[in-house]
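In case you want the letters, here they are:
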Amino acid sequence: MTDSTDVHHTYDRIAEHFSKTREYAWPEIEEFLADRTGSVAVDVGCGNGRHTELLAAHADRAVGVDASLGLLAEARERAADHGFDADLVAGDAERLPLAANVADLAVYIATIHHLPNREARVASLNELARVLTTDGDALVSAWSTTHDKFDREEGFDTNVDWTLPGGETVPRFYHVYSPDEFRADLADSALTVAETFTASGNCYAVVHGEE
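Residues numbered from 1 in each chain as written. Predicted model: local features only at pLDDT ≥ 70, side-chain atom pairs only at ≥ 80, totals over all residues. Heavy atoms only, no water.

**Section: the packing of helix 1 (residues 7-20) against helix 4 (residues 69-82)**
Running from amino to carboxyl end, helix 1 crosses helix 4 at an angle of 30°, the nearest separation of the two axes being 7 Å. If you check the angle between helix 1 and helix 4, you find them roughly parallel. Of helix 4, the residues touching helix 1 (which contributes Tyr-11, Asp-12, Ala-15, Glu-16, Phe-18 and Ser-19) are Leu-69, Gly-70, Leu-71 and Glu-74. In terms of residue class, the contact of helix 1 with helix 4 is made up of five nonpolar, two polar and three charged. (Axes fitted to C-alpha atoms, helices over the stretch in contact; angles between N-to-C directions. Helix = DSSP H or I, 4+ residues; strand = E, 2+ residues; numbered from the N terminus. Parallel < 35°, antiparallel > 145°, perpendicular 65-115°, else oblique. Contact = heavy atoms within 4.5 Å. Nonpolar A, V, L, I, M, F, W, Y, C, P; charged D, E, K, R; others polar.)

**Description of the packing of aromatic side chains**
Each aromatic ring pair is summarised here by two numbers: the centre-to-centre distance and the angle between the ring planes. One pass over the structure, following the stated rule, counts eight aromatic pairs. Each ring, one from Phe-150 and one from Phe-156, has its centre 5.5 Å from the other, and the planes form 80°; the classification is edge-to-face. With respect to burial, Phe-150 and Phe-156 carry one shared label: buried. An aromatic cluster of at least three residues, connected via ring pairs, comprises Trp-143, Phe-150, Phe-156 and Tyr-174. Between the NZ or CZ atom of Arg-152 and the centre of the ring of Phe-156, over which it lies, the distance is 4.1 Å. (Phe/Tyr/Trp six-rings, centres within 6.5 Å; stacked < 30°, edge-to-face > 60°. Buried < 20%, exposed > 50% of the residue type's maximum accessible area, 1.4 Å probe, protein only. Lys NZ or Arg CZ within 6 Å of the ring centre and 35° of its normal.)

**Focus: the side chain of Ser-144**
Structurally, the position occupied by Ser-144 is in the loop between strand 5 (132-143) and strand 6 (156-163). Among the polar contacts listed, one links the side chain of Ser-144 to the side chain of Thr-146, at a separation of 2.9 Å. (Polar contact = N/O pair within 3.5 Å; in protein donor to acceptor, adjacent residues only side chain to side chain.)

**So, the nonpolar core**
Residues Val-42, Tyr-108, Leu-128, Phe-182, Leu-191 and Val-207 are the most contacted members of the largest nonpolar core, which totals 29 residues. With five residues, helix 5 (residues 118-131) is the single largest residue contributor to this core. Once residues within four sequence positions are removed from consideration, Tyr-108 is found in contact with Val-44, Ala-93, Leu-115, Ser-124, Leu-125, Leu-128, Leu-139, Val-140 and Ser-141. (Core = buried A, V, L, I, M, F, W, Y, C linked by side-chain atoms within 4.5 Å.)

**Describing the pattern of salt bridges**
Going through the model one piece at a time under the given rule, you end up with eleven salt bridges. For Arg-61, the salt bridge identified is with Asp-87, shortest N-O distance 2.6 Å. Of this pair, Arg-61 sits in strand 2 (residues 59-66) while Asp-87 sits in strand 3 (residues 87-90), placing them 26 residues apart in sequence. According to the relative accessible area criterion, Arg-61 is partly exposed, its value standing at 44%. (Salt bridge = Lys/Arg side-chain N within 4 Å of Asp/Glu carboxyl O.)

**Some thoughts on empty space enclosed by the protein**
Unoccupied space between atoms shows up once a probe the size of one water molecule is rolled over them. Tallied over the entire structure, the rule returns one cavity of 30 Å³ or more. Of the pockets and cavities examined, the largest cavity occupies roughly 30 Å³. Along the walls of the largest cavity sit Pro-179, Phe-182, Arg-183, Thr-196, Phe-197, Thr-198, Cys-203 and Tyr-204, which together make up its complete lining. Class assignment for the residues of the lining of the largest cavity results in five nonpolar, two polar and one charged. (1 Å grid on protein atoms, 1.4 Å probe; cavity = no way out; pocket = protein on both sides within 12 Å on 5 of 7 lines; lining within 4 Å. Points joined across faces, edges and corners; volume = space filled by probe spheres on them.)

**Quick word on the sheet that holds strand 4 (residues 103-108)**
Pairing within the open sheet is mixed, and its seven strands lie in the order 3-2-1-4-5-9-8. Of all strands in the sheet, those bounded by a partner on one side alone are strand 3 and strand 8 (192-199). This sheet shows a mean twist of 15° between the axes of neighbouring strands, independent of strand direction. Note: strand 1 (residues 38-44) against strand 2, six bridges, orientation parallel. Considered in strand 2, the bridge of Val-44 is made with Val-65. Contacts between helix 4 and the sheet are confined to strand 2 and strand 3, with strand 3 contributing the most and set at about 170° to the helix. This element, helix 6 (residues 179-187), spans strand 5, strand 8 and strand 9 (202-208) of the sheet and lies at about 20° to strand 9. (Pairing = 2+ DSSP bridges.)

**Looking at the packing of helix 5 against helix 6**
Viewed as axis vectors pointing N to C, helix 5 and helix 6 meet at an angle of 60°, and their least axial separation amounts to 9 Å. It follows that helix 5 is oblique to helix 6 by the angle criterion. The crossing of helix 5 and helix 6 is right-handed. Along the contact surface, helix 5 presents Arg-118, Arg-121, Val-122 and Leu-125, while helix 6 presents Ala-184, Asp-185 and Leu-186. In terms of residue class, the contact of helix 5 with helix 6 is built from four nonpolar, no polar and three charged. (Left-handed = near helix turned anticlockwise from the far one by under 90°.)

Structure, rendered in structure tokens:
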């Protein structure tokens, strides 16, 4: 098992190639944002900025946060190439570099499953609750045991290799959630949960800020 606390360095190594395979927004995120707008929108774990770009079209100000400097460089290049404005800042999901009650729209997509343990994952959900306004909306996603590639019913830790063009494989830490475990972590956080569902092998939750 790779060092689960070092995932951002893993993504620094694969950032350029990874970004090339992540061009389009997920349909679930497009659907979530379709009828929503905001003043400030935050993309936690923004990667190469594909969902930050979508948020920028739905808010006056978009902020992308990622622990990987390599992915942030890819996001800045994307913003310049695609002509959208966003504040792209380095930061951890457990300690977001944002004031409380600042965001009325957010997405936290395919990132929580990289955090090393349950304490860190719930802490990141609490951070999302902290930065959201009470009536702010956010969408959270994580890899799920319902994915076709897994034959497990309970959540588990694993490595998923990324293969670079030269053939080198780079292991990435994942915690794969069961739907029940995902709901339990949400319930133990400060978030208000509007709904949970599974789609395309992922757990999703629509949530609101801390009451």
